[in-house]
Amino acid sequence: MLEPNPIDFQYLQYMKFIEGKNRTQIPLFVDSLDSMIDSDNEIRLIDLFVDSLNLEGLGFKMAFIENGRPAYHPKDLLKLFLYGYLNRIRSSRQLEKECKRNIEMMWLMKDLVPDHNTISNFRKDNSKAIRKVFHSTVSLAKNFDLIGGKLLAGDGTKLRAQNSKKNNFTHSKIERHIAYIDDKLTMYNETLAHEDNDLTQEQKEEIEKKISKHHLHKDKYEGFQKQLAQTGEVQVSTSDPESRQMIIRNNVTEVAYNIQSTVDAKFNIPIDFKVTNKNDAKAMGPMVRRAKIILGNSDFTAIFDKGYHTGSEFDYAHKHEIKVIVAVPDVASHAPDISFDVEHFKYDKELDQYTCPANELLTSNGNWYNKGHGKSNNKVKHYKTKSCKSCSLVERCTRNKAGRILERSEHMELIEANKKRYAENTEIYRKRQAIVEHPFGIIKRQWDFYYIMTKKSMKHASADVGLIFSCYNLRRIFNLLDQNELKKYFKELVLIFSDSKEFVKRFYATFNRQIICDQFNKPSQFDSTSRLKSIVFRSAIWLN
C-alpha cells in the first residue's frame, strides 16, 4: 500500500496571503520610468510648469564656464525644490537621498542625482530669481481668474531662525555677562593673592587657565558691545546675523524673522511676501504699494490688524490712493475718570482747538514738536488751558499737576478716517483672519514649516520663504483647476517659447542685425509685416 505524500502545512498557510515578486527574477518586459508615473500625477504639472518658465529672464544663471564638469541645468534643480517643498522635504541632504530612492523624483530629475552642496547652493544663490518664480505663480493664478483683486488682507508671522536665544545678545544681556565675568576674575585674583602659599602648583595653573578663559569671553562680549554701538542696532545674533529676538505670542519670544504677506480674498492666494526682522508697525505702507504694482491698480481694499495702526503708514496708503481698514487698538492709558478720556474731547478743525467735557477750550501755540518712538519720529501739537487750575473736575481729568495736555498727531485726520471706516465695515474686517491666516496655518501647522531652513542672512531666508509661498500657490492652483486644462496651458507656453527661440535664431542668422533695427525704426501701418516685426521684437526681448 502506497503512503500519501506529506502535506506542507507551512506552504498552505503561506498561500492565504498575497505574495510579492521574487527579488532576483529578471523581468521579461522592462518598464520605462515614464510608464511608472500615472498620467494624472501632479509631478507632471510641476515638470510642465518649470518648462514653461523663462529661467534666464527670471534671473537664474544660465552661462557657465565650459571648462571642467558641466553644471546641472537650473530647471532641473528648480523642479527638485518644488517637488521637495510640495512634499514637505526641504533638507538638501534629504533631497539628495530622494533622488536615489523615489521613483517620482527619478522621473522628474531624469535619474540625475545632484550633490547636497549643489542643491543647497542653488537655493542660497538664487534668492531674487526664486522670488520671480513666486511672481510667476501669481501671474498664473491671475490668468485663470483666481485673483479677485478687490479685497486683500495683510499680516505677518514669525518663522524661527537658525539661531538660538543663547546666541542672541542685547545691551543688558552683554552687561550681565561682563558683570558675571568681572566677579569671577575678582574672586580668582583674590584667591591667588591671599592663598598663594596654600595652593599647589597644579591648583595655581588651573586658576590661571580659568582667568585666561574668562578674559577671552570678556573680549568677545566687549566686541559685541562695539558692534552694537557702531551699527546702532539693539541686538546681535551670532549664527544668523540678521535674525532678531521677537515676541511670538504673549511673553514668549524666539529668535526669528517676521514674514509679511498680502493675501487675496477670492481663493486665499498670497500675491506678495517680504522677509523682515522688524515688527509690523512700519510694514503696511510698502505692502500696499507692492500690491498696487502687482494688481496694476489701486481699486482694492486692504485690511490689517491693530499691529499696523501707525499714522505714517496711513499717510503712505493715502498718497497711493489705497483704501485700508486697520483695527483700532485699545486706549494706551485712561484718565482717572474714563469719561474724561481723549475721545470725549471735541476737536474744531477750523479754530484748531479742543473742547473738554467741562466745556473749557484747549488751544495750541501752533508749534509742531517731534515725538520719537523707537527709530521713527512724528510731529505733534500740544493743546492745553489755564482753566485746569481752577476747575473742580481736574482730579477726574488728569494726574498732571500742571493741568491736562492733549497731543494731536499730524496724521490724526487719517487715523480718525480709518476709525470711521473700521466702524462702518466690521463685517468686512471679520474676514481678515480667515483670509490671511489660511496660508500661515497650512504652512506652519500642516506642512510643519515653522522655521527657516537657511541661515547667515535675510537674503538666504528669503529664498527659503520664496519656495514655500511658490509651492503654496501651486498647491492652491492644482487643487482649484482641472489638470487637463493646466497641462494644455503649460504645453502651449512651452511650444510658443520654443518656436519663438528657434524663429529668432533663424531670423538673426539670415538677416543683418543692423538692417533689422533700421526696419524697426521706419513708421509703418499695423499690417501683417508690422505684426511679424512685433513678434520678432518681443521674442528677442524674451531671449535676451
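Computed from a predicted model, the values in this text were never measured in an experiment.

Our focus in this paragraph is the packing of aromatic side chains. Applying the stated criterion across every chain yields a total of 21 aromatic pairs. Geometrically, the ring pair formed by Y347 and Y354 is tilted, given 4.9 Å between the ring centres and 50 degrees between the ring planes. What makes Y347 partly exposed here is its relative accessible area of 26%. In this structure Y354 comes out as buried when scored by relative accessible area, which is 6%. An aromatic cluster is defined as three or more aromatic residues linked by ring pairs; in this entry it consists of F60, F81, Y85, F122, W447, F449 and Y472. Its guanidinium or amino end placed over the ring of Y451, R90 lies 4.6 Å from that ring's centre, counting from NZ or CZ. In this structure, K173 is placed above the aromatic ring of F169, and the distance from its NZ or CZ to the ring centre is 5.1 Å.

The next thing to look at is empty space enclosed by the protein. Following the criterion strictly, the structure yields 2 cavities of 30 Å³ or more and no others. Roughly 120 Å³ of volume is contained in the largest cavity. Taken together, 16 residues make up the lining of the largest cavity; nearest its centre are C356, A358, C388, C391 and C397. Considering only enclosed or pocket space, the second largest cavity measures out at about 50 Å³ in volume. Surrounding the second largest cavity, T157, L159, I259, F440, I443, K444, V465, I468 and F469 form its lining. By residue class, the composition of the lining of the second largest cavity is 7 nonpolar, 1 polar and 1 charged.

This paragraph deals with helix 10 (residues 171–194). With 24 residues, helix 10 extends 35 Å between its outermost C-alpha atoms, agreeing within 8% with the 34 Å of an ideal straight helix rising 1.5 Å per residue. Listing the buried residues of helix 10 in full gives K173, I174, I178, I181, L185, Y188 and L192. Here the buried face of helix 10 lies against strand 2 (168–170) and helix 11 (201–231).

Take the packing of helix 10 against helix 11 next. Viewed as axis vectors pointing N to C, helix 10 and helix 11 meet at an angle of 155 degrees, and their least axial separation amounts to 9 Å. By the angle between their directions, the pair helix 10 and helix 11 is classed as roughly antiparallel. Pair helix 10 / helix 11 crosses with left-handed handedness. Tallied by class, the residues present in the contact of helix 10 with helix 11 amount to 11 nonpolar, 8 polar and 7 charged.

A few words on the environment of D330. Counting through the fold element by element, D330 comes out in the loop between strand 8 (323–326) and strand 9 (346–348). The class for D330 is exposed, based on a relative accessible area of 64%. For D330 and K306, which are 24 residues apart along the polypeptide, the C-alpha to C-alpha distance reads 8.9 Å.

Of all 13 residues in strand 5 (residues 252–264), 11 are buried; the element is thus mostly enclosed. Where strand 1 (residues 151–160) lies against strand 5, 9 bridges are found, and the strand directions are antiparallel. The partner of R160 across the bridge, within strand 5, is A256. The pairing of strand 4 (residues 244–249) with strand 5 spans 5 bridges and is classified as antiparallel. Residue R244 lies in a different strand from strand 5, and its bridge partner there is A256. Pairing of strand 5 with strand 6 (residues 269–276), which is carried by 7 bridges, proceeds in the antiparallel orientation. Paired with S261 across the bridge in strand 6 is F273. Connecting strand 5 to the antiparallel partner strand 6 that follows it, the hairpin turn spans 4 residues, and N268 within it adopts a positive phi of roughly 55 degrees.

Quick look at the layout of surface pockets now. Taken as a whole, the second largest pocket holds about 680 Å³ of empty space. Taken together, 20 residues line the second largest pocket, and the ones lying closest to its centre are T157, K158, I248, R249 and K444. Counting only elements with at least two residues in the lining of the second largest pocket, the list comes to strand 1, strand 4, strand 5 and helix 17 (432–446). Grouping the constituent residues of the lining of the second largest pocket by class yields 6 nonpolar, 3 polar and 11 charged.

Rules of the game
Residues numbered from 1 in each chain as written. Predicted model: local features only at pLDDT ≥ 70, side-chain atom pairs only at ≥ 80, totals over all residues. Heavy atoms only, no water. Phe/Tyr/Trp six-rings, centres within 6.5 Å; stacked < 30°, edge-to-face > 60°. Buried < 20%, exposed > 50% of the residue type's maximum accessible area, 1.4 Å probe, protein only. Lys NZ or Arg CZ within 6 Å of the ring centre and 35° of its normal. 1 Å grid on protein atoms, 1.4 Å probe; cavity = no way out; pocket = protein on both sides within 12 Å on 5 of 7 lines; lining within 4 Å. Points joined across faces, edges and corners; volume = space filled by probe spheres on them. Nonpolar A, V, L, I, M, F, W, Y, C, P; charged D, E, K, R; others polar. Helix = DSSP H or I, 4+ residues; strand = E, 2+ residues; numbered from the N terminus. Expected span 1.5 Å × (residues − 1). Contact = heavy atoms within 4.5 Å. Axes fitted to C-alpha atoms, helices over the stretch in contact; angles between N-to-C directions. Parallel < 35°, antiparallel > 145°, perpendicular 65-115°, else oblique. Left-handed = near helix turned anticlockwise from the far one by under 90°. Pairing = 2+ DSSP bridges.

It is worth stressing that arrangement in space is one thing and function is another; only the former is reported here.
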